[in-house]
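Coordinate analysis (summary)
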Amino acid sequence: MAALKFCANISWLFTEHPDFSKRIYAAASAGFQAVEAAWLYDEDLSELQKAKETARVEVVLINTPPGDIKAGDLGLGAVPGRELEFRQGLDLTLKYAKALNCKRIHLMAGRIPVDAHREAVAREMEDVFVQNLNYAADILSKEGITGLIEPINTRITDPRYFLDSPRQAAAILEKVGKPNIQLQMDIFHWQIMDGNLTQNMHKYFPIIGHVQIAQVPGRNEPDSDGELSYRYLLSTLEKLGYQGYVGCEYKPLDSTERSLGWVQQYWAQ
């Protein structure tokens, strides 16, 4: 079995450093050969390129812009009436992805409108999402980039997020039917919404394009106290033959450096 590849999510890790360029250097110094991030769009692109090249790390995933966070946005992919803004955000993401040679983009679905009932808007939002994903698939395929959709739990993290389960995501991917639009499995969210991780990992493995990890319920480092045995879950990924990256998207209980014992142990095996 091939060893798993880990990337540091520098929106969550190495936040001891104020800017993303310095976090790239810190990740490399800690042993990571790859990083991922949510939103890099306030950073100078040339500085990010310089850090990536100097540190010799790969940027493996970035997110589409959230929209107006202060107004309550968290992605626009499934939000009716915001299709133009979604496309404009995708253009910006592509600019950064191409400059950083990043081959995966998380296409954020977004939130159900305030005061709307999920059941009342679900069909319209799904239709918008499928339309936007088809548009993105065609654009991304020209650049050799994979688009990803990620279920985010609505029990703890975000009660209004539209896409909240692997089953819902898989049904949407079936409607889109494009091989370069895949499923992002964040084990933290999947455990909270569905549990049944072993069977779900096997069931959805053919459409999984990226993995992220954190302990449940605190979203801390994988070896902290919690519900999940990551020794078992990582071994399951190995046995499945997963060849992509595993994103370390968690909140360190202490400093980032002190939270990395588990991955350093894995690398030393």
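Refer to the preceding data block for the structure.
Residues numbered from 1 in each chain as written. Predicted model: local features only at pLDDT ≥ 70, side-chain atom pairs only at ≥ 80, totals over all residues. Heavy atoms only, no water.

**Regarding the pairing of strand E1 (residues 5-9)**
Remark: a regular strand shows side chains that alternate across the two faces of the sheet. Counting buried positions along E1 gives four out of five residues, so the element sits mostly inside the fold. Note that E1 and strand E2 (residues 34-36) share two bridges and pair parallel. If you follow Asn9 over to E2, its bridge partner there is Glu36. Taken together, E1, helix H1 (residues 20-29) and E2 form a β-α-β motif whose crossover is right-handed. (Buried < 20%, exposed > 50% of the residue type's maximum accessible area, 1.4 Å probe, protein only. Helix = DSSP H or I, 4+ residues; strand = E, 2+ residues; numbered from the N terminus. Pairing = 2+ DSSP bridges. Right-handed = clockwise from strand over helix to strand, strands pointing away.)

**A closer look at empty space enclosed by the protein**
Across all of its chains, the model carries one cavity of 30 Å³ or more by this definition. Of the voids in this model, the largest cavity is the one considered here, and its volume is about 40 Å³. Contributing to the lining of the largest cavity are Ile10, Ile24, Val35, Leu40, Leu48, Val59 and Leu100. Of the residues contributing to the lining of the largest cavity, the split by class is seven nonpolar, no polar and no charged. (1 Å grid on protein atoms, 1.4 Å probe; cavity = no way out; pocket = protein on both sides within 12 Å on 5 of 7 lines; lining within 4 Å. Points joined across faces, edges and corners; volume = space filled by probe spheres on them. Nonpolar A, V, L, I, M, F, W, Y, C, P; charged D, E, K, R; others polar.)

**Observations concerning the pattern of salt bridges**
Considering all chains together, one arrives at 10 salt bridges under this definition. For Glu126, the salt bridge goes to Lys175, with nearest N and O atoms at 2.3 Å. Remark: Lys175 occurs in helix H5 (residues 166-176) and Glu126 occurs in helix H4 (residues 118-141); sequence separation between them is 49 residues. For Glu126, a relative accessible area of 16% gives the class buried. The class for Lys175 is exposed, based on a relative accessible area of 51%. (Salt bridge = Lys/Arg side-chain N within 4 Å of Asp/Glu carboxyl O.)

**Some words on the environment of Gly81**
Tracing the backbone shows Gly81 in the loop between strand E3 (58-63) and helix H3 (83-100). Judged by its relative accessible area of 64%, Gly81 is exposed. Along the primary structure Gly81 and Val128 are separated by 47 residues, whereas in three dimensions their C-alpha atoms are 8.8 Å apart.

**Side note on helix H2 (residues 45-55)**
Quick reminder: α-helices carry 3.6 residues per turn. Residues three or four places apart thus point the same way. Among the residues of H2, those classed as buried are Leu45, Leu48, Ala51, Lys52 and Ala55. One face of H2 carries all of its buried residues, which in axial projection span an arc of 125°. Away from its buried face by more than 90 degrees, H2 exposes Glu53 and Thr54. Packing partners of the buried residues in H2 comprise H1, E3 and H3. Just past H2, the residue Arg56 takes up positive phi, approximately 60°. (Arc of directions from axis to C-beta. Contact = heavy atoms within 4.5 Å.)

**A look at the packing of helix H7 (residues 197-204) against helix H8 (residues 230-240)**
Following both chains from N to C, one finds H7 and H8 inclined at 25°, their axes separated by 11 Å at the closest point. Judged by the angle between their axes, H7 and H8 are roughly parallel. In this structure, the crossing between H7 and H8 has a hand that is right-handed. Contacts between H7 and H8 involve Leu197, Thr198, Met201 and His202 from the first element and Tyr232, Leu233, Thr236, Leu237 and Leu240 from the second. (Axes fitted to C-alpha atoms, helices over the stretch in contact; angles between N-to-C directions. Parallel < 35°, antiparallel > 145°, perpendicular 65-115°, else oblique. Left-handed = near helix turned anticlockwise from the far one by under 90°.)

**Overview of the sheet that holds E3**
Ordered in space as E1-E2-E3-E4-E5-E6-E7-E8, the eight strands form a closed barrel in which the pairing is parallel. Averaged over neighbouring strand pairs, the angle between their axes works out to 30° when direction is ignored. Relative to strand E5 (residues 146-149), strand E4 (residues 104-106) runs parallel, the two sharing three bridges. Looking at E5, one finds that His106 is bridged to Leu148. Contacts from H5 reach E5 and strand E6 (181-186), with the element oriented near 170° to E6.

**Description of the side chain of Glu36**
Note that Glu36 resides in strand E2. Despite its burial, Glu36 pairs with no opposite charge, the nearest such side chain being Arg104 at 8.1 Å. A distance of 2.9 Å separates polar atoms of two side chains, one belonging to Glu36 and the other to Gln212. (Lys, Arg positive; Asp, Glu negative; His and termini not counted. Polar contact = N/O pair within 3.5 Å; in protein donor to acceptor, adjacent residues only side chain to side chain.)

**Notes on the packing of aromatic side chains**
Counted by the stated rule, this structure contains nine aromatic pairs. Centroid distance Phe6 to Trp262: 5.4 Å. Interplanar angle 80°. Geometry classified as edge-to-face. You can see Phe6 sitting in strand E1 and its partner Trp262 sitting in helix H9 (residues 261-268), a full 256 residues away along the chain. Residue Trp262 is classed as buried on the basis of its relative accessible area, which comes to 8%. Judged by centre distance (6.3 Å) and plane angle (85°), the rings of Phe129 and Phe162 are edge-to-face. (Phe/Tyr/Trp six-rings, centres within 6.5 Å; stacked < 30°, edge-to-face > 60°.)

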